[in-house]
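Per-entry structural report
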Amino acid sequence: MQNITVSARERDTVLAALRYYQFYRMQGHPFDPRQDHLIDAIANETGDALDVSEIDDLCAGLNGNLHALAASS
């Protein structure tokens with residue numbers, strides 16, 4: 001088992017992504033964009049949502065890799 005540490009903002013993004021995936025699976029078809037505000041509310045719970053490059057870094061870190069931006073610097 002791997003233990004990871006994430007910031008509050010990163011946790012909110014992971015939770016938002018899981019809820020997005022859960023809703024997608026429950027609907028059986030692509031996510032309804034009219035409900036995006038619900039995902040944004042979760043992702044912004046403790047501050048500004050992660051931007052695209054921060055999400056990329058988080059995904060890389062969750063996969064056990066160096067953060068994408070740190071690796072390219």
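Structure: see above.
What you see is a predicted model; the values in this text were computed from it and never measured.

Turning to a nonpolar patch on the surface, a few remarks are in order. There is a patch of nonpolar side chains on the surface, built from Ile 4, Val 6 and Leu 62 and spanning about 220 Å² of accessible area. With respect to the helices and strands, the residue Leu 62 is situated in helix H3 (residues 52-62). Relative accessible area serves as the criterion here: at 36%, Leu 62 is assigned to the partly exposed category.

With that out of the way, let us pick up the pattern of salt bridges. In this structure the tally under the stated criterion is 2 salt bridges. With its nearest N and O atoms 3.0 Å apart, the salt bridge here joins Glu 54 to Arg 9. You can see Glu 54 sitting in helix H3 and its partner Arg 9 sitting in helix H1 (residues 8-27), a full 45 residues away along the chain. Judged by relative accessible area, Glu 54 falls into the partly exposed class, the value being 27%. For Asp 12, the salt bridge identified is with Arg 11, shortest N-O distance 3.0 Å. Given the relative accessible area of 2%, Asp 12 is considered buried. Look at Arg 11 and you get partly exposed, because its relative accessible area is 38%.

Definitions and limits used
- Residues numbered from 1 in each chain as written.
- Predicted model: local features only at pLDDT ≥ 70, side-chain atom pairs only at ≥ 80, totals over all residues.
- Heavy atoms only, no water.
- Patch = residues over 30% accessible without salt bridge, like charges linked within 9 Å, V, L, I, M, F, W, Y side chains within 5 Å.
- Areas by Shrake-Rupley, 256 points an atom, 1.4 Å probe, with all protein chains shown as cover.
- Salt bridge = Lys/Arg side-chain N within 4 Å of Asp/Glu carboxyl O.
- Helix = DSSP H or I, 4+ residues; strand = E, 2+ residues; numbered from the N terminus.
- Buried < 20%, exposed > 50% of the residue type's maximum accessible area, 1.4 Å probe, protein only.

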